[in-house]
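# Fold and contact review
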Amino acid sequence: MLRITDARTGDSVTATPARRGLTRVQAHVPRPDTTGLRVLLIADVLVRALEIGGTPVWTVLTGTERRAELRARAAALGIRPFEDEGDSGPGLGEAQVLHVLGRADARPATDDPSSGEVTSGDVTGDEAAGGGVTGGLRLEVAPAGLDSGVAEDDQSATALRLALLARPRGETLRLGAADLAAAEDQLARWRGAVATWATRPSGPIPDPVRDQLRAAWEDDLDVPAVLGVLRKVETSGTVPDGARFETYAYADRLLGLELTRDIGRGVPA
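A brief look at the structure comes next. Residue positions are counted from 1 within each chain, in the order its sequence is given. At least 70 in pLDDT is required for a residue's local features to be given in this predicted model, at least 80 for side-chain atom pairs to be given and counted, and no such filter applies to totals for whole chains, interfaces and linings, which use all residues. The side-chain numbers reported here are obtained from all heavy atoms of the structure, hydrogens and water having been left aside.

### Some remarks on the packing of aromatic side chains
- Between rings of Phe, Tyr and Trp, where Trp is taken as its six-membered ring, a pair exists when centres lie within 6.5 Å; planes separated by under 30 degrees are stacked, by over 60 edge-to-face, and by other angles tilted. Here the structure, examined in full by the defined rule, presents three aromatic pairs.
- Centroid distance Trp 190 to Tyr 248: 5.5 Å. Interplanar angle 85°. Geometry classified as edge-to-face. With Trp 190 in helix α6 (residues 177-197) and Tyr 248 in helix α9 (residues 241-255), this residue pair connects regions lying 58 residues apart in the sequence.
- Residue class for Tyr 248 comes out buried when judged on its relative accessible area of 0%.
- With a centroid separation of 5.7 Å and 45° between ring planes, the pair formed by Trp 217 and Tyr 250 is classed as tilted. Note that Trp 217 is positioned in helix α7 (residues 207-218) and Tyr 250 in helix α9, a separation of 33 residues in sequence. Each member of the pair, Trp 217 as well as Tyr 250, is classed as buried.
- Members of the aromatic cluster, connected to one another through ring pairs, are Trp 190, Trp 197 and Tyr 248.
- One cation-aromatic arrangement involves Arg 210 over Tyr 250; the distance from NZ or CZ to the ring centre is 4.7 Å. Secondary structure counts use DSSP, requiring at least four H or I residues in a row for a helix and at least two E residues in a row for a strand, with both numbered from the N terminus. Type-normalised accessible area, obtained with a 1.4 Å probe on protein chains alone, sets the label of each residue: buried when under 20%, exposed when over 50%, and partly exposed for intermediate values. The rule is short: NZ of Lys or CZ of Arg within 6 Å of the ring centre and within 35 degrees of the ring normal puts a charge over the ring.

### Section: the nonpolar core
- Formed by 70 residues in total, the largest nonpolar core has its most connected members in Val 25, Leu 40, Leu 46, Phe 82, Val 100, Leu 213 and Leu 255.
- Sort the elements by how many residues they give to this core and helix α1 (residues 34-52) lands first, with 12 residues.
- Once residues within four sequence positions are removed from consideration, Leu 213 is found in contact with Val 226, Val 229, Leu 230, Thr 247, Tyr 250 and Ala 251. For the purposes of this section, nonpolar cores are sets of buried Ala, Val, Leu, Ile, Met, Phe, Trp, Tyr and Cys residues that join through side-chain atoms within 4.5 Å. Contacts between residues were defined by any pair of non-hydrogen atoms, one from each residue, lying within 4.5 Å.

### What to know about the pairing of strand β9 (residues 137-141)
- Of all the five residues making up β9, five are buried; the element is thus mostly covered by neighbouring parts of the structure.
- Only strands that DSSP links by at least two bridges are regarded as paired with each other. Both strand β6 (residues 96-102) and β9 contribute to a ladder of five bridges, which runs parallel. In the strand pairing of β9, Val 100 is matched with Leu 139.

### Comments concerning the pattern of salt bridges
- Here, a salt bridge means any side-chain nitrogen of Lys or Arg that lies within 4 Å of a carboxyl oxygen of Asp or Glu. For the coordinates displayed, the defined rule picks out 17 salt bridges.
- Between Glu 171 and Arg 167 there is a salt bridge; the shortest N-O distance is 2.4 Å.
- The exposure class of Glu 171 is partly exposed, given its relative accessible area of 28%.

### Concerning the sheet that holds β6
- In space, the five strands of this open sheet follow the order β5-β4-β3-β6-β9, with parallel pairing throughout. Of all the strands in the sheet, just β5 (83-84) and β9 have a single pairing partner and so form its edges.
- Both strand β3 (residues 23-28) and strand β4 (residues 57-62) contribute to a ladder of six bridges, which runs parallel. The residue of β4 that forms the bridge with Thr 23 is Val 57.
- Geometry is summarised by axes, namely lines fitted to C-alpha atoms with helices restricted to the contacting stretch, and by angles between N-to-C directions that run from 0 to 180 degrees. Sheet strands touched by helix α2 (residues 67-76): β4 and β5. Its angle to β4, the strand with the most contacts, is close to 130°.

### Re the packing of α6 against helix α8 (residues 223-235)
- Where α6 contacts α8, the axes come no closer than 12 Å and their chain directions differ by 55°. Between α6 and α8, the crossing angle belongs to the class labelled oblique. In this structure, α6 meets α8 at a crossing whose hand is left-handed. Between α6, through Gln 186, Arg 189, Trp 190 and Trp 197, and α8, the contact on the second element is made entirely by Leu 227, Leu 230, Arg 231 and Glu 234.
- Of the residues assigned to the contact of α6 with α8, the class counts are four nonpolar, one polar and three charged. The scheme is simple: roughly parallel for angles under 35 degrees, roughly antiparallel for over 145, roughly perpendicular for 65 to 115, oblique for anything else. Note on convention: the crossing is left-handed when the near helix lies turned anticlockwise from the far helix by less than a right angle, right-handed when the turn is clockwise. Under the grouping applied here, Gly and all other residues not named as nonpolar or charged are polar, the nonpolar ones being Ala, Val, Leu, Ile, Met, Phe, Trp, Tyr, Cys and Pro and the charged ones Asp, Glu, Lys and Arg.

Now the structure itself:
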């Protein structure tokens, strides 16, 4: 069962106290900078984790300037649409509310083209941390930014998604061209491997591997640990290729990295 560290109290609590109860995931995004994109991405992965566990989810986006710009950037990263708060109406009798927002002790990062540092926008700390949010649990996300000159396009969007997910969400993050290049290389390697494994006899995910994946994402949504499990499976001498394929396809339901995209494209190595 998914457990989350509530930023208000520091306690680890069950994300969904009512089994199969409707859960609202509300992303608080002040503006469409990289910090805002990171907040929305973590909310997207949280929704995926809840849905894998069979929890019905209602997603809401609130507090966003230049919403169309944010939605365009989010769509490129494979983040599924969230309902606008103004269009969502009153609550639906949800059993739990999970707020995903910028970290309370830091203003949201903006992408400063003149500096390699993460800088803050012209908002108050209360606004950055979702001031006025009441009830439910808080997942807080640290600031993130891109170095000057780092291009964002559809081709590199999934690499940016991987680079943002590869570090703990509580760690302030500044990404440069080398980070995105490394993420692109890893994606290409994994997608090529998955396409090859897909041609081998199918096999079930080994129970210890499935348990490690679930334990990782159910422990405070530890996505870097999930990626660590995949790296171990990639080089394992005991997991058959067919089982590797099933493992990566299963994990990608959480990660949203399109790891099966290259199946059937060309001749596998």
